[in-house]
Structures are given as C-alpha cells and as structure tokens.
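# Structural description and commentary
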4 protein chains.
Amino acid sequence: MTTTMKRWQLTAAGRANLKLVETAIPTPGPGEVLIKVAAVSLNYRDKLLVDAGFGMLDPLTEPLIPLSDVSGIVAACGEGVTRFAVGERIVSTFLPDWIDGDGPGTARHPNGRNLGGSLQGVLAEYIVLNQDWAVCGPRKLSHTEASTLPCAGLTAWTALVERGRVRAGQKVVVLGTGGVSLFSLQIALLHGAEVIVVSGDDKKLARARDLGAHHAINRKREDWVEAVYRLTSDHGADHILETVGGAHLGKSLDAAAVAGRISLIGILEGLDVSGGFGAFARKRVVVEGIQVGHRRALEDLVRAFDLSGTTPVIDAIYGMNDFEAALDHLDRGPFGKIVVEVG
Amino acid sequence: MTTTMKRWQLTAAGRANLKLVETAIPTPGPGEVLIKVAAVSLNYRDKLLVDAGFGMLDPLTEPLIPLSDVSGIVAACGEGVTRFAVGERIVSTFLPDWIDGDGPGTARHPNGRNLGGSLQGVLAEYIVLNQDWAVCGPRKLSHTEASTLPCAGLTAWTALVERGRVRAGQKVVVLGTGGVSLFSLQIALLHGAEVIVVSGDDKKLARARDLGAHHAINRKREDWVEAVYRLTSDHGADHILETVGGAHLGKSLDAAAVAGRISLIGILEGLDVSGGFGAFARKRVVVEGIQVGHRRALEDLVRAFDLSGTTPVIDAIYGMNDFEAALDHLDRGPFGKIVVEVG
Amino acid sequence: MTTTMKRWQLTAAGRANLKLVETAIPTPGPGEVLIKVAAVSLNYRDKLLVDAGFGMLDPLTEPLIPLSDVSGIVAACGEGVTRFAVGERIVSTFLPDWIDGDGPGTARHPNGRNLGGSLQGVLAEYIVLNQDWAVCGPRKLSHTEASTLPCAGLTAWTALVERGRVRAGQKVVVLGTGGVSLFSLQIALLHGAEVIVVSGDDKKLARARDLGAHHAINRKREDWVEAVYRLTSDHGADHILETVGGAHLGKSLDAAAVAGRISLIGILEGLDVSGGFGAFARKRVVVEGIQVGHRRALEDLVRAFDLSGTTPVIDAIYGMNDFEAALDHLDRGPFGKIVVEVG
Amino acid sequence: MTTTMKRWQLTAAGRANLKLVETAIPTPGPGEVLIKVAAVSLNYRDKLLVDAGFGMLDPLTEPLIPLSDVSGIVAACGEGVTRFAVGERIVSTFLPDWIDGDGPGTARHPNGRNLGGSLQGVLAEYIVLNQDWAVCGPRKLSHTEASTLPCAGLTAWTALVERGRVRAGQKVVVLGTGGVSLFSLQIALLHGAEVIVVSGDDKKLARARDLGAHHAINRKREDWVEAVYRLTSDHGADHILETVGGAHLGKSLDAAAVAGRISLIGILEGLDVSGGFGAFARKRVVVEGIQVGHRRALEDLVRAFDLSGTTPVIDAIYGMNDFEAALDHLDRGPFGKIVVEVG
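Residues numbered from 1 in each chain as written. Chains lettered and ligands numbered in written order. Predicted model: local features only at pLDDT ≥ 70, side-chain atom pairs only at ≥ 80, totals over all residues. Heavy atoms only, no water.

In this section: the overall build of chain A. Per the secondary structure count, chain A includes 10 helices and 16 strands. Expected size for 343 residues packed as a compact globule is a radius of gyration near 20 Å; at 20 Å, chain A falls within 12% of this value. When each of the 343 residues of chain A is scored for burial, the buried share is 63%. When contacts within chain A are restricted to residue pairs at least 6 apart in sequence, long-range pairs at least 24 apart make up 68% of them. Carbon together with sulfur atoms contributes 49% to the accessible area of chain A, which is approximately 11,900 Å² in total. (Helix = DSSP H or I, 4+ residues; strand = E, 2+ residues; numbered from the N terminus. Rg over C-alpha atoms; globule rule 2.2 N^0.38 Å. Buried < 20%, exposed > 50% of the residue type's maximum accessible area, 1.4 Å probe, protein only. Contact = heavy atoms within 4.5 Å. Areas by Shrake-Rupley, 256 points an atom, 1.4 Å probe, with all protein chains shown as cover.)

Structure below.
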C-alpha cells in the first residue's frame, strides 16, 4: 500500500503560492478518522482566500490545504472513534464546533473556526478529521454531488428550513443562480413553496425553469421588485435569499412580504449592507445573517436529499491537477457548483 | 348632561393648522363604544405628523384629531357591543386591524391603518372607537400612566418578549432614555435580564440606574461597543433596542452577541439603515423591524404590568389646553413619556 | 328570482328529528354575506351531534342547521362588507372567533363557538355568514373538493405545518385513512416528508400507497411500533397524527422519535388518553391537542393546495336529499371525505 | 499530597450493597479533568436506583459511584483540555451527550447516558470527568447551593424557559414543594410570572409564600383546579409543572389555559399518565416530557442565578459519612433539596 499522496497547499495569499505537492499520508490520532477523499467542491470564499488571503492567511505557520467541502470514505479510525467505521461514507462539516442550537463564539470573536481557513482544508487524497467534524454521507448521491452539501447546500437549508421554516405555498425569491441559489430553489420546491428566480441571464433563467422554478425574472429587462409584486398579487416574498448584499438589501426589503424574511448570504455588491427603515418597520421584516449551519442541520439535509432523490446542480467537474482552472471558473459565475474529483 | 366637548384637530400639516375646537360629542354606532378620554400620551411620530404631515396628511378630507394612545372609560356602548360594558377602563390599540399572529397587509401596502394618522385620533374629551380597537385597561395604573402603553410600551414588549423571548440572565442594551427605551429597560428587568443603558447624558444615565439598570454607558466618553464587550466578558448583547437607526446599526451589529437580536425601532440618525455584512453573517445576527405590536400582546403587557406593579416613566404632564407645549417638549428629548391629561 | 330554499334542520338529538324543509332565503345584515352553497362536507363529529347531541343540542331554542364546512359563492353582501364581493368563491371557517395566534377562550370555557354546533350550520341552499367567518376559496379545486378543507384539511395542516413545522426528510406516521389522515399524508408529502400509513385494511393501504405514501403497515399483521422502528432504522416518528386516542397514545409514545410530536386528533378508542411516562420523558415527546385551526392557517392551506394542485380525497358524493345516507356512510369508515353537493 | 480518597459505591441494588470505601484518586486521561468534589445533591431517582436498581444496575460489571450532581474545583487537567483550567469551579451535566438543540438518541434507545446511572457517578472526594461534561460554576453561590443546579434546577429551567418561554404576567402552577417545584417557583418569579403553589401541607405553603409565591392552595382543603380558575378569573394556568403524574394529569389538563403547557416531570402517582381528550383538544394543550436539559441551558441557568442572586432552597445538608441518612430524608418529602457536603 502506498504511503504518499498528493495535496494542494498554499504558503501565502496569491496563486503563485499555490502548489500541488507529494507528501506522506497522515495518521489519525485518538478520536480522529482518516478519510480517502473522493470529491471536493469549491466555494466563492475559497477563491477570495487563495487570491487575497481574506484576512485569514497572514500568519500562516505551516502550508494550508485549501477548500472545506469533502465527500469521501473512512479509510482508518484512530483510537476511541465511535461515530464511524472503516468503509463508511462521510461528508465534512464546515464549522466543526457548532453541533446544534446556538453554537460557540462571542461578540468580539465570533464562531469562526472552519476547515480550509483557520483549520486545515481538504483538497488532498487523504485527510484526517476529528470524528465530530463529519456526518454520514448521503446514500443516493455520488461523491461528486455529495461534496456540494457542506457549505452551499447547508447554507440554503439553514436559511429556508432551520431558520426560515419554509412551508408549502409560500413565495420564495432566489437571487442569482450560483450554488447557494440553486440549492435554495431545490429546497424551496421540496417544501412545496412557489419559487421566483431573478437573474440577468436568460439562458440561466431557462435552466432554472427546467429545474422547477415557477417564475423567472430577468432583472435587466424589468424591475424585479415590481415583478415580485405582480407575480404574488402584491403579497410579496415570504423568503428572500439575499446573495447580492450592499445597497441591494433595500430592494429586497421592498420586495419582502409583511413578516417576510431575508437571509443575508452574499456580498457581490459590497460589504456594507443597507436599506430603508420604512420597509423594515412597516412590514416587520426579519433580516438574518446566515453562516452555513450546524452539524445536525447537515444531517437533516442529507436525510432530505436521500429521501427525495434531489440532485445538486453541478456546472463543471475538474481533475485534481486542474484546481487552478476550477478557481478561474468561479470568476465566470457558475450555474450551480464546481467540483474537483480527487479519488 | 352636556352634549359638546373639546377636541384638537389638524386641517393640514403645520402648527398653524392645529386648533382646539368645541364640537358635538359623537354617538357610537353598531359595534362601537363611546370613550370618555382621561389621558393621551405623545409619540415622536405625532410631532412629525403635526409639523410635516409625514406623508399622511396630504389629502385630508376632514380635520384630523391627532394622537393615538388613550386611556379612558367606556361612557356608552353601541348596538351589538360585547367586549366592554359602560364604566370599564380601556386603552386603545394603535394598529386596529392586527389582532394576533401575522396580521394584515401586503408588500406593496403594508399594514398601516392606525389611529391619529390614516384613522381619526384620540385627543378629544370623547371619542368613538370600534370595540375591537381597545383592550381592558390596567387595574393598578393611573389613566395617565396607562395612556403610555399602546405605542411605547407595546413596542418595547413586542421587541423583547413577543418577538425576542428575553430570558433571565440575557444581556440587553438599551439605546437612549426616551419612552420606548425606558419601557425596554423595565420589561427587560421584569424578565430577569441584565440591562446596559447607553446615553450621552450623565443625568439621564443616573436616573436609569435608579430605575434598576445594571450598567450605564456614556457614549460620549467611551466607545459603547467596547464597553459592552467589557461588561459582558466579550459575550456581547443578546438584545439591542436600536432606536438610533442610520449607520448606527453598524455599531449595534458589532455589539451583538452570536445569535443576538437587534430590534429596529427608531430613526434619529436617518431612514437608511446600514451595517457590516461580516458582523451580520459571522454572528448570525437577526435584525427585525418592530412596528408597535398586536392587540393580544397589548393584553399581555397590561397583565404583566398589573402583576408586577411596574410604573411607566412619565417625564411631564400637560393639560388639554397645553398640547402645543407638549409637542415642543418632544423636541427636547424627554426622559420617558409625555402625557396630556384630558378628563 | 326564487325567494325560498331547502335546508336540513335538527330540532333535537336523533335522526327522527332531522328534516329537510323549505324556508325563506335569509338576508345578510351589516357585515354579513349571503352564500349560495355549492358543497358541504361531513365530519365525524356531525354524526355524533345528529345522533346523540354531543352535549350541544340540549337547550335548542331554534332548529339547528347541521354541518360546518361549506364551499360556495357570495350571492349578496350586507352593509359594510369589505372582505368579499358578489360572485367570489369562499370556504367557511369552523371556529369563527379564532383569527390567528393564540385565540380566545378560558380554562373553564374553551374557545368553542363553532358552525353547525353552538352556531348555525351550513347544510342549506343559502346561508348567511359574518364576513369574518370565511376565506377566499381555492381557485383550482371544485366546490366539492374545496368543501373538505375547513375542518379535515385544516386540522392536518395545523398539526403538521402551523404547529409541527414539518420539514423534508422527517418521518410522519399517519394512523388510519379517514379525512384528516389522508390530508396529513398529502400535506406531509407536499413538504418532502417520508410517510408511513398504518391501517388494518390492505385495500386502503394500497390506495394510500397510490397517493404517495412511502410505507404501508397493516397493524393487524405486525406490531406497527416495531415496523416504524424497522422502517426508520430505530429513529422513530418525528410526527404522529394520533386519531385513535385512548390507551393507543401509549403506542404512539413508543413510536415517537426523540423530540417527536404527537398531534392528538381523534378518539376512536376512548376519551381518556393515556401512555407511559418513561417514553414521554426520556424522549421528551410533545403531545399537543389539535382543534382544527385558525383562519390565517386556512388561508395558508388554500394557497398551498392552489399552488401544488393537490386534490382532496373524496370517497363519496351525495345529493342534498341523501344527507341521511351520507351520515350512514360515515359509520362505515370512509377513505377520505364524504360530501353533499347542494348547488 | 494524599493519593487516596473516600467514595461511596454500590455493587448491586439494595442498601446492603452500598459502602463507603477508600480508593486511589483517579488520574485524568486525554480531554478529562480531575475534580475535587465540594458538594453533591440528591435526586429522587438516586433513591430509586440505590434501593431498587431502577432497571439500570442489573449487569453491574464494576461498583457504581452513586449520584450525579456535583459542584467542585478543577484539580488537574488531562492532555488537550481547553474548556477549563486548574482552580476553576465547575458543575456537572447530567446528560453528557446533549450539548444543545435536539440531542442524541433514537425511538428505541432514547438519549439515556447519564452520570450516576449508565455512567459512573460523583459521590467521591475526587472524580474524573470528560471536559465536555461540565460547565463553569456560578460565582455567587456556595458549592452546596451550586450542586443543586444540574438536575433539579435545570429541569425547572428547561420546562419554563428553554421550552416554555415563560413571560411576565403568565400564570404558573407549581405542584408540590420538592426540589424541581421550588426551582420552578423561583425561575417563574425571575421572569415576572404569577405563581400558584399547590400542596397538601400548610407549613410548606407558608414557606412557599415566603419565597414569593403569589398564591398558595392546600389541595386537601379545596379542589385545586377550581382554585386556579378562581385565582385567574377562569383564564387557567399557562404553565403547569406536573410532578405528580398518573391520572393527576387529567386535573392539570382541566386547569390549563387555552394553549397552556404542561411539563411532565414526576411520577409520584404512577408511570401511566392519563387525562381527558376534551380538555386536551378544546384547549389545544401541549404536554411535554421534560428530561433535565442540555448543557447550553445549564450555562444559561448559571448565568441567570449569578445575575439575580437567587439562592436554591436547601432543606438539609449531610456529611459524607451520612449519605444513608440523606437517602432516608428523601422519603420524607424534603422542602427543596438535600445535599451531601464532601470537601
């Protein structure tokens, strides 16, 4: 049996510092599992982190393995492991300290320990994880599909289900067609909701319709807020997945129904989010920051996808050697997820 | 028995259009009650409305009686009235169509029908109300005190209790010492919470301490966010009553605990509220627009004050003839509430 | 235009006191609407009430029109009606005083005012309703289908959605195949849940499978609790619709998952419900009495069925003259609902 | 430094098998802490377990240290301990696997791993605990007082706060004056609720009044359900702490308000709980099994007691040698808690 493996690593911010290296397969310590990695999916923050550090890479004391979302198989168990057995499929959790409920962290130091950032990542042929940092993988999805659940899938699930309690008949507005947006579309449909997708690209809108979206709005051709009013007989949106950020929050506040919810997820238009007090207060809107989710919710998501047979939308698959091309793809605005197949 | 009464009325925006007039005592129709008014409290929106119309007075087709919050006694019942009997004490509801739960309204036309604005107000010796637009008054408060509950009291209750589910041991930050802020202080204390009051006025802070506040921060002398970190061992604020608005929301986001709640109530610093995405998402903060509250919550508030013997804080009492002086007082930033005694 | 109509009425408990009579079409008073009735559905309590009074008929001061669940068209509006216009479709609410939230009533006198019991019922060609006692009917269902929503449909919705917050991937156990049970099946599927139907009749189980149930258990051939363990890998049921009552609650407690919910709905096996403390406490089960639901939830249900195109399951349709045969059918345990077509 | 210590241990069910022995002070392994025990409180289940095994002692493979609720000081930390430092005060958690949220366990095998039962207990001069099985102790309580929080205090907190969301002005009925009951009284008062204590002993009722109970009912002299109606103007009880069990649940259902909550905690009158369906459904009562609570709630409870200065009610304190006398005291129905001081 081979004792070495390939992994990607980063020694400082910037593509020049990214390298594919050969190294020893690690050994799981007490309470740890060795995972044979099958697939790893990319998130937009990974690109920010590789290219610019994202405020996390400054004091790198050892090379960082990038990426956080893995599907793989337990290859060995360290002493005292009770949650998994060799041969079982797992997917990783992004915020390993958050099991359920409120979670850790303080106002000054929020709960930020995460894979592929403050903790080592997963883009390697083998990785070692604390047994508490993973859940049983879905039985009906491929590894490639399963690898998209830990961040993008869970973020959408947390926003709509764990926090939003979406129910049949509600109106859900999905902004854009990236990974979290398409998961939101699928999860809303799974709960019987009416889904309106907003995008500036007719081809992507047509694909969203094929996935089951009830309505598709091209925001370049019409005011999407007015379109939401029209499509909902003025009711407005019960849930909005706000992936744009910045001053765009103001539009989402306008589109929100009375007692509607806006899940703050993305920041394409800027880190300073803003909106009108009038819409906020007169409609009693809830705006909630969404940070991926906890482990129990990931288990719920896996269970729901296994039951329904819902398949995550994957825009492109890259090989282990083509990680940099995968990062480039992120810039072009994928329709759904991008995955690196490792195993 | 006299058949005429005095009432204040407004024929257009601007103090010049405000007049105290003599008019006939109205007669309650089917389902309505005639109220002998004892006391009426002022809210900041009343000043905006009288002075500038606030967008509501433009198409006035008949003179508007100003103000919305009344405590009084049922003087007569129209046909079919079942909720009240002559002689009973009542306080009014501000949003009469909102009984409980989600309430009425659409994204385009939020639930806005309210007393002293889109509906006739209450600053008169007698008023007629639909029986559904009032609740039984508190037994242990004077009319003057009771008149402060419908808007300021209920707003604080809705933010902290009905929506916020405040519990003993939580950290509550109260910004300022106006009516809603002091009710928030009292209601938080009533539930065993730890209260931090932030103000720029040492005298007001001292009075807040006298009311039971655990901590008082003078925001002119120290960064209040850092003070909240210090006083809570970095935990942050579980609840913040955001009465400032504008870019100040950013500070409140910084001060919020993980999974903390910010209740958006006021707009002293501007109608466009804004804050940083990082704090929002990494701490999973909930920001919720608060619009007074529903009738069932007002009943809960009355019950809670009756049991505890909590007394609303009244800064000044004016007579019926001195309504304009009471409006002027609002500009000077009262400590608690201002009331016009009518009866 | 004709001025008389047919209606069923009851002068005392017992079939002998049930009569189809000719009478004047009523006139809507202020705030009331005249409804041209199209269809009326039956509930088990109607049979109890007609046959035995159910404790409600003793002091009948005027003949009671039986039944509570109607779909029809607004034929005329009384003065001051704002919720409906002539020609609109409506369905009735069962508990007219419960708009949203907590609802009225006391420990001694629970919220009991309901159509076809303490209030006049609906089995007539025309009825008059307070405008607040109805909601807009579904656009995509026939009147016959729509008439099944006010009690059976809403009870299932309240249990699973309004109170239970069912989510995709959860395990739902439906006991029996009556009206509420089949609505529970459909509503659970609409939210992506996994549904296990328990019945003693293989033919009914086969029909439940046709409706989409994932699993069907014949309780006469196997212990249904053990079957639930087997089908859920010991997880148990997240939701149980308890329509049996009596000591059967003990079995449901055994079948419940940790933190599972049991909705108490029916009483086929007796009014005194009982179960083991151990299962209750060690699994922290919630058992909640379900009493139909409020008006806002009925609106939500209508919206969900209109969106999804879900069709209520109707076992048999009777004509206005055959009401007594419809009552007899109830005794034989219908698969879904029984409706009287009136219009 | 001494290397031996005293501990109580049980080799099989029955007092004859209970012994105080001298043994080696244990050593903390990786992730474990050594606790110098200061005080240990008793719960009724401890008596059942010592006397009758309670179904847990049958296959004892090694002597069991009894009792579960400890307050002490960290004396040493094993490798990798991050939650505590030497010298810090801790209290133990009863269900160590339940951190927050839903918690572990299945329908067939509920979450039952607990100290002093399926896991070793704490009645020793030193114990070793996994660092995850404890929380920081309260700063303002003595060890003796603090030792009462892990089961009795947390059970009352879970019932009223974590699950029940008690608010000011609500009516809370406390049955009896044992440990959980008096904590319920104190926690309800801490949240501004109105508390009615029911007991058969006038002296205990007088002491409950001294602790702040608003009303005291001697159930031997009047029907306590009728008394609740009378004291609440028929509203009924919003929360009932049901410590009696058996058919007594039926009385609690009668006393419950519309949408009231009954927390099932105790079993003095039998393991088979029962009650009337009519009260259940017509009042939409929630009955929930309470099983102590999770670690995050214990942290909340500690924080609340530290802030308020609430002092747990201790009926009697015994020395380490007098554990058997302490067990005897449990049979006589203590007013509050019984504690063994160890350190």
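Next comes the rest of the description.
Turning our attention to the interface of chain C and chain D. Residue-level contacts link 45 residues of chain C with 45 residues of chain D. For the chain C and chain D pair, buried surface summed over both sides reaches about 3,600 Å², with 57% attributable to carbon and sulfur atoms. The largest contributions to the chain C side of the interface with chain D come from Arg108(C), Phe277(C) and Arg284(C), which together make up 21% of the buried area. For the pair chain C and chain D, the interface holds 4 salt bridges. The salt bridge involving Arg108(C) is made with Asp234(D); its shortest N-O contact spans 2.9 Å. The tally of links between chain C and chain D comes to 19 residue pairs in polar contact (both at pLDDT 80 or more). Among the elements of the structure, α6 (224-231), α7 (248-255), β12 (256-264), β13 (272-276), α8 (277-282) and β14 (286-289) of chain C are those that each provide at least two residues to the side of chain C that touches chain D. Taken together, the residues that form the side of chain C that touches chain D break down as 21 nonpolar, 13 polar and 11 charged. The sheet contact formed by β14(C) and strand β14 (residues 286-289) of chain D spans 3 bridges and is antiparallel. Paired with Val287(C) across the bridge in β14(D) is Val287(D). (Buried area = accessible area lost by both parts, 1.4 Å probe. Salt bridge = Lys/Arg side-chain N within 4 Å of Asp/Glu carboxyl O. Polar contact = N/O pair within 3.5 Å; in protein donor to acceptor, adjacent residues only side chain to side chain. Nonpolar A, V, L, I, M, F, W, Y, C, P; charged D, E, K, R; others polar. Pairing = 2+ DSSP bridges.)

Here we come to the domain arrangement of chain A. All names here are of chain A. What the domain assignment reports for chain A is domain 1 (4-148 + 312-341) and domain 2 (156-289). For domain 1 and domain 2, the distance between their C-alpha centroids amounts to 29 Å. Between domain 1 and domain 2, the residue contacts involve 9 residues of the former and 10 residues of the latter. Here domain 1 and domain 2 share an interface that buries about 880 Å² over both sides, 70% of which is from carbon and sulfur atoms. Between Asp 315 and Arg 207 there is a salt bridge whose closest N-O contact spans 4.0 Å. Along the contact surface separating domain 1 from domain 2 lie 2 residue pairs in polar contact (both at pLDDT 80 or more). Split into classes, the residues belonging to the side of domain 1 that touches domain 2 amount to 4 nonpolar, 3 polar and 2 charged. (Domains from an automatic or database assignment.)

What follows concerns the sheet that holds strand β14 (residues 286-289) of chain B. In space, the 12 strands of this open sheet follow the order β10(A)-β9(A)-β8(A)-β11(A)-β12(A)-β14(A)-β14(B)-β12(B)-β11(B)-β8(B)-β9(B)-β10(B), with mixed pairing throughout. Taken across any chain shown, the strands that pair with only one partner, and hence form the sheet edges, are β10 (215-218) of chain A together with β10 (215-218) of chain B. Taken pair by pair, the neighbouring strands of this sheet meet at an average axis angle of 15°, ignoring direction. The pairing of strand β9 (residues 194-199) of chain A with β10(A) spans 4 bridges and is classified as parallel. Note on β10(A): the bridge partner recorded for Val197(A) is Ala216(A). Along the sheet, helix α6 (residues 224-231) of chain B makes contact with β8 (171-175), β9 (194-199), β10 and β11 (237-242) of chain B, crossing β10(B) at roughly 155°. (Axes fitted to C-alpha atoms, helices over the stretch in contact; angles between N-to-C directions.)

So, about the relation of the copies chain A and chain B. Note on the identical chains: chain A maps onto chain B by a rotation of 180° and an axial translation of 0.0 Å, with an RMSD of 0.0 Å. Viewed as a symmetry operation, the transformation between the two copies matches a two-fold axis. Scanning chain A for the C-alpha nearest the rotation axis identifies Ser274(A), at a separation of 2.0 Å. A symmetric contact is evident, with 100% of the interface residues of chain A recurring at the interface of chain B. (Least-squares fit on C-alpha atoms with pLDDT ≥ 70 in both.)

In this structure, Arg284(A) takes a positive phi of about 50° despite not being glycine. Residue placement: Arg284(A) occurs in the loop between α8 (277-282) and β14 (286-289). Look at Arg165(C): it is not a glycine, yet its phi comes out positive at around 50°. Among the structural elements, Arg165(C) can be located in the loop between α3 (149-163) and β8 (171-175).

For the pair chain C and chain D, the relating rotation is 180°, the translation along its axis is 0.0 Å, and the fit reaches an RMSD of 0.0 Å. A high fraction, 100%, of the interface residues of chain C reappear at the interface in chain D, so the copies pair face to face through one surface.

Facing the 45 residues of chain A at the interface are 45 residues of chain B. Three residues stand out in chain A for area buried against chain B, namely Arg108(A), Phe277(A) and Arg284(A), and they jointly supply 21% of the buried area on that side. One can count 4 salt bridges joining chain A with chain B. Across the pair Glu226(B) and Arg108(A) runs a salt bridge whose closest N-O atoms are separated by 3.1 Å. The tally of links from chain A across to chain B stands at 19 residue pairs in polar contact (both at pLDDT 80 or more). Per-element tally for the side of chain A that touches chain B: the top contributor is strand β13 (residues 272-276) of chain A, with 5 residues. Along the lines of polarity and charge, the residues of the side of chain A that touches chain B split into 21 nonpolar, 13 polar and 11 charged.

Attention shifts here to the sheet that holds strand β10 (residues 215-218) of chain C. Sheets are built from strands that pair by backbone hydrogen bonding, the pairs being arranged parallel or antiparallel. If you walk across this open sheet you meet the 12 strands as β10(C)-β9(C)-β8(C)-β11(C)-β12(C)-β14(C)-β14(D)-β12(D)-β11(D)-β8(D)-β9(D)-β10(D), and the pairing is mixed. Every interior strand has two partners, whereas the edge strands, β10 of chain C together with β10 (215-218) of chain D, have only one. Each neighbouring strand pair of the sheet contributes to a mean axis angle of 15°, computed without reference to strand direction. Taken strand by strand, helix α5 (residues 202-210) of chain D contacts β9 (194-199) and β10 of chain D, and its axis lies near 170° from that of β10(D).

With that out of the way, let us pick up the side chain of Thr177(B). All names here are of chain B. One can find Thr 177 in the loop between β8 and α4 (179-190). Note on Thr 177: relative accessible area 6%, which makes it buried. Discounting chain neighbours no more than four positions away, the residues touching Thr 177 are Leu 182, Val 197, Ser 199, Lys 204, Pro 334, Phe 335 and Gly 336.

Applying the stated rule across the entire model yields 98 salt bridges over all chains. Among the ionic pairs, Asp328(A) bridges to Arg15(A), the shortest N-O distance being 2.9 Å. Of this pair, Asp328(A) sits in helix α10 (residues 323-331) while Arg15(A) sits in the loop between β1 (4-10) and β2 (18-24), and the two are 313 residues apart along the sequence. The partner of Arg303(B) in a salt bridge is Asp238(D), with the nearest N and O atoms 3.5 Å apart. Within this pair, whereas Arg303(B) is found in helix α9 (residues 295-308), its partner Asp238(D) is found in strand β11 (residues 237-242), the two belonging to separate chains. Per residue, the accessibility class of Arg303(B) equals that of Asp238(D), and both read buried. Shared partners join several salt bridges into a network, and the residues in it are Asp102(A), Arg167(B), Asp238(B), Asp100(D), Glu162(D), Arg296(D), Asp300(D) and Arg303(D).

Further remarks concern the packing of aromatic side chains. All names here are of chain D. Inspection of the entire model under this criterion finds 8 aromatic pairs over all chains. The interplanar angle of 45° and the centroid separation of 6.0 Å between the aromatic rings of Phe 183 and Phe 305 together place this pair among those described as tilted. Highlighted residues: Phe 183 in helix α4 (residues 179-190) and Phe 305 in helix α9 (residues 295-308), separated in sequence by 122 residues. The residues Phe 183 and Phe 305 share a single accessibility class, namely buried. (Phe/Tyr/Trp six-rings, centres within 6.5 Å; stacked < 30°, edge-to-face > 60°.)

Here the focus is the state of the cysteines. In this structure the tally under the stated criterion is 0 disulfides over all chains. This cysteine, Cys77(C), is not joined by any disulfide, and Cys136(C) carries the nearest cysteine sulfur, 11 Å off. (Disulfide = S-S within 2.5 Å.)

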